[in-house]
Protein chains: 2
Amino acid sequence: MGITIAIDCMGGDHGPRVTVPAALAYLSGAEDVEVVLVGQEDKIRAVLPTPLPPRVSIKHASEVVTMDDPPAQALRNKKDSSIRVAVNMVKAGEADACVSAGNTGALMAISRFVLKMLPGIDRPAICTVLPTMRSHVYMLDLGANVDCGPENLLQFGIMGAMLASAIDKKEHPSVGLLNIGEEDIKGNDVVKHAAELLKDSGLNFVGNVEGDGVFKGDADVVVCDGFVGNVALKTTEGLAQMLAFFLKEEFRRNWLTKLIALIALPVLKGFKKRVDHRRYNGATLLGLKGIVVKSHGSADAFAFQHAIACAAGEVRGKMLELISGRVARYAPALAESTHSHQESP
Amino acid sequence: MGITIAIDCMGGDHGPRVTVPAALAYLSGAEDVEVVLVGQEDKIRAVLPTPLPPRVSIKHASEVVTMDDPPAQALRNKKDSSIRVAVNMVKAGEADACVSAGNTGALMAISRFVLKMLPGIDRPAICTVLPTMRSHVYMLDLGANVDCGPENLLQFGIMGAMLASAIDKKEHPSVGLLNIGEEDIKGNDVVKHAAELLKDSGLNFVGNVEGDGVFKGDADVVVCDGFVGNVALKTTEGLAQMLAFFLKEEFRRNWLTKLIALIALPVLKGFKKRVDHRRYNGATLLGLKGIVVKSHGSADAFAFQHAIACAAGEVRGKMLELISGRVARYAPALAESTHSHQESP
């Protein structure tokens, strides 16, 4: 069975110059995939070879959502934007997933409006995969839900576990709750209550995971409120940048250290490749009735390719079916969420 | 004027074996300081030379708070613990500050009970200094206050700024609010309200700082809720450990890479020294009517020495006077805090 992915070519810092070559590069290694390049046709054609390569088609969309467009306006006023057209294709069944490096808020608002949420899920959660000492971890939410109730954290646990199942073929991925201590008594009221819900959820819940446990690989899935997740993710990005900066400075200190850098280059490259954040590009908007993957706005072609691979993997792993099935089983527990904490818009 | 520091010698993973040599090492470089070694006299004497070195005295305390002691019990039942006796010395004016590597919760409970809070401050906040690309940053709270109201974040801003003033002699240190975006509209209700309070505070408030901005050095002081701060700090610790682990693995891959490691050793050592977390050991419990510094429980002598230096620096910089003065000026704004959000015990 072939997979069709709609690609918003206009999003991100670089637009078609990056998204189109990334799509072509991805296709060369994925025989079962075809892509629909969505956006302003002339700009897309300008970076495409003629005739069109196999498994590539173009869908014109006259408008572009900019990074500054408020989500609500992008939704209301730009009905022919590349994001909207790509998401519409998923809704219409013309594509199995869509990928965008555009405005996150707009992508979320449009996806939610067009695709709708799964029953029992309030809002999309942003989930990404991060490397760990053992393997990797799915972490959510990373910023879509800044005020979470316990039920939201339960929803994240279910969705994250099903994503891990779909991608890694793990039947019972372990789920941890990000907290400030491993003991049950730690944390605020929301996480304490969430722990109770997760214990009763039938998921493979392993309890609290501390910040350092995320990278130790204490759990396959780590759930947290979007504020905490966003801060944690960006703080680690900042630390990684600082460490890289310091390491470079040490190697550039004088001619001797520069010589050593030259000698150590193969090892340093191996290290760099291993921790290359571009290989982890692609955050999934979970909870929608469709697969939507968000790429970093600053992604280059290599990184954007990984976001496309991420979307294709979710289609192949039947993530949506897994989540829908599981969410349906927990419908009573999840329904409570509508009566309790409401997140910010 | 001489400075006297009371040292809880029994705390931490290693007890007197680490704390006593650290104190002696610190004294050799600080002519104006004397230390009182607090704890079980026989155990302290066992690792001390005879006769006692100059500027060193011992104060016997018969009990030890263990890492497992619940704070309330440590407070109620161990009235002759080394922590209690050391804090009592600060209260009685026999010491200008105390340092402990012991049970954080117990240290906090005992300090709060014995020393009391400054008027207008609800609970101690834990503040530590972290390296940044530019210099360093004071970050608080790191776990003492898991549910903060906007007024708590204002208190943190004032106390952090005064700490930065005392240590770095900056008259108007910049204060940032940890958030998930730089724009005013970002974040949850608590941070949005806190931003308004900080804007009107007379502090050099520079607005929202994102996670990566912490290490870029976007502000001299970064304030956040203790849950978020604790997670962010530990997540970065976890990332640093993972990166070090990967780097080692790359250098240990085969005989050639091992040879390269040998050649690169001086540079790698320079890098390691620069990011050595032991140099940042020592978290201050702010908001008390006395100076109390908490060392990592796992600290070695080098790290513990830095915690002592941290306490001495705060005495020299008259941190307490600076904070008290500033807090008194903001008394009306801070008083609101008693009517609003209450933190967990």
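Residues numbered from 1 in each chain as written. Chains lettered and ligands numbered in written order. Predicted model: local features only at pLDDT ≥ 70, side-chain atom pairs only at ≥ 80, totals over all residues. Heavy atoms only, no water.

As recorded in an unreviewed UniProt entry, chain A goes by Phosphate acyltransferase and comes from Azospira inquinata. According to the UniProt record, the Catalytic activity (unreviewed entry) comment for chain A reads "a fatty acyl-[ACP] + phosphate = an acyl phosphate + holo-[ACP]". (UniProt positions renumbered as here; feature names shortened; annotations may be inferred.)

Draft legend 1. Representation of the relation of the copies chain B and chain A in the model. Once chain B has been moved 0.0 Å along the axis and rotated by 180°, it coincides with chain A to within an RMSD of 0.0 Å. In the structure described here, the two chain copies are related by an operation that fits a two-fold rotation axis. Comparing contact sets, 100% of the residues at the interface of chain B also lie at the interface in chain A, consistent with an isologous, same-surface contact. (Least-squares fit on C-alpha atoms with pLDDT ≥ 70 in both. Contact = heavy atoms within 4.5 Å.)

Draft legend 2. Structural view of the sheet that holds strand β1 (residues 3-8) of chain B. Residue and element names in this part refer to chain B. With mixed pairing, the eleven strands of this open sheet are ordered in space as β3-β2-β1-β4-β11-β10-β5-β6-β9-β7-β8. Each having just a single partner strand, β3 (56-60) and β8 (204-209) make up the two edges of the open sheet. With strand direction ignored, the average angle separating the axes of adjacent strands in the sheet is 25°. Note: strand β5 (residues 125-131) against strand β6 (residues 136-140), five bridges, orientation antiparallel. (Pairing = 2+ DSSP bridges. Helix = DSSP H or I, 4+ residues; strand = E, 2+ residues; numbered from the N terminus. Axes fitted to C-alpha atoms, helices over the stretch in contact; angles between N-to-C directions.)

Draft legend 3. Region of the structure containing the sheet that holds strand β7 (residues 174-178) of chain A. All names here are of chain A. With mixed pairing, eleven strands are arranged side by side in an open sheet as β3-β2-β1-β4-β11-β10-β5-β6-β9-β7-β8. Every other strand in the sheet has two partners, leaving β3 (56-60) and β8 (204-209) as the edge strands with one partner each. Ignoring which end each strand starts from, the neighbouring axes of this sheet average 25° apart. Inspection of the sheet shows strand β4 (residues 97-100) paired to strand β11 (residues 291-294) by four bridges, in the parallel sense. Its bridge partner lying in β11, Cys-98 is registered against Val-292. Taken strand by strand, helix α5 (residues 104-115) contacts β4, β5 (125-131), β10 (283-286) and β11, and its axis lies near 175° from that of β11.

Draft legend 4. Seen up close, the interface of chain B and chain A. Each side of the interface is counted separately: chain B has 49 residues, and chain A has 49 residues. When the two sides are added together, the surface that chain B and chain A hide from each other amounts to roughly 4,900 Å², 77% of it contributed by carbon and sulfur. Contact with chain A buries area across many residues of chain B, yet Ile-180, Phe-227 and Arg-274 of chain B alone supply 14% of it, more than any other trio. For the pair chain B and chain A, the interface holds six salt bridges. Two residues, Lys-234 of chain B and Glu-210 of chain A, come together in a salt bridge whose shortest N-O distance is 2.3 Å. Of all the elements, helix α9 (residues 226-251) of chain B adds the most residues to the side of chain B that touches chain A, at 20 residues. Looking at side-chain class alone, the side of chain B that touches chain A contains 26 nonpolar, 13 polar and ten charged residues. (Buried area = accessible area lost by both parts, 1.4 Å probe. Salt bridge = Lys/Arg side-chain N within 4 Å of Asp/Glu carboxyl O. Nonpolar A, V, L, I, M, F, W, Y, C, P; charged D, E, K, R; others polar.)

Draft legend 5. Region of the structure containing the packing of helix α6 (residues 150-168) of chain A against helix α12 (residues 319-329) of chain A. Residues and elements named next belong to chain A. Packing of α6 against α12 leaves a shortest axis separation of 9 Å and a crossing angle of 145°. Regarding α6 and α12, the two cross each other, and that crossing is right-handed. Facing α6, whose interface residues are Ile-158, Met-159, Met-162, Leu-163, Ser-165 and Ala-166, α12 presents Met-319, Leu-322, Ile-323, Arg-326 and Val-327. For the contact of α6 with α12, a count of residues per class yields nine nonpolar, one polar and one charged. (Left-handed = near helix turned anticlockwise from the far one by under 90°.)

Draft legend 6. Expanded view of the layout of surface pockets. Taken as a whole, the second largest pocket encloses approximately 550 Å³ of empty space. Lining the second largest pocket are 30 residues, and of these Asn-188 and Asp-225 of chain A together with Asp-147, Asn-188 and Asp-225 of chain B lie nearest its centre. At the level of secondary structure, the elements contributing two or more residues to the lining of the second largest pocket comprise α7 (189-199) and α9 (226-251) of chain A together with β7 (174-178), α7 (189-199) and α9 of chain B. Here the lining of the second largest pocket gets three residues from one element, more than from any other, and that element is α7 of chain A. Considering only residue class, the lining of the second largest pocket consists of 20 nonpolar, five polar and five charged. (1 Å grid on protein atoms, 1.4 Å probe; cavity = no way out; pocket = protein on both sides within 12 Å on 5 of 7 lines; lining within 4 Å. Points joined across faces, edges and corners; volume = space filled by probe spheres on them.)

Draft legend 7. Highlighting unusual backbone geometry. A cis amide bond links Thr-50 of chain A to the next residue, Pro-51 of chain A, at an omega of -10°. Tracing the sequence through the fold places Pro-51 of chain A in the loop between α2 (41-46) and β3. The step from Leu-140 of chain B to Asp-141 of chain B runs through a cis peptide bond, and the omega angle for that step is 0°. Looking at the element boundaries, Asp-141 of chain B is found in the loop between β6 and α6 (150-168). The backbone of Lys-169 of chain B sits at a positive phi, close to 55°, despite the residue not being glycine. Locating Lys-169 of chain B in the fold gives a position in the loop between α6 and β7. When its relative accessible area of 60% is taken as the criterion, Lys-169 of chain B is described as exposed. (Buried < 20%, exposed > 50% of the residue type's maximum accessible area, 1.4 Å probe, protein only.)

Draft legend 8. Up close: the state of the cysteines. All names here are of chain A. Counting across every chain of the model gives zero disulfides over all chains. Summary of cysteine pairing: Cys-127 is not part of a disulfide, and the nearest cysteine sulfur, belonging to Cys-310, is at 8.7 Å. Using a relative accessible area of 1% as the deciding quantity, one classes Cys-127 as buried. (Disulfide = S-S within 2.5 Å.)

Draft legend 9. Expanded view of the side chain of Asn-103 of chain B. Residues and elements named next belong to chain B. Tracing the backbone through its elements, the reader meets Asn-103 in the loop between β4 (97-100) and α5 (104-115). Asn-103 sits in the buried class, given a relative accessible area of 7%. Among the polar contacts listed, one links the side chain of Asn-103 to the backbone nitrogen of Ala-106, at a separation of 3.0 Å. Sequence-distant contacts of Asn-103, defined by excluding residues within four places in its chain, comprise Val-65, Thr-66, Met-67, Asp-68, Asp-69, Ile-83 and Lys-294. (Polar contact = N/O pair within 3.5 Å; in protein donor to acceptor, adjacent residues only side chain to side chain.)

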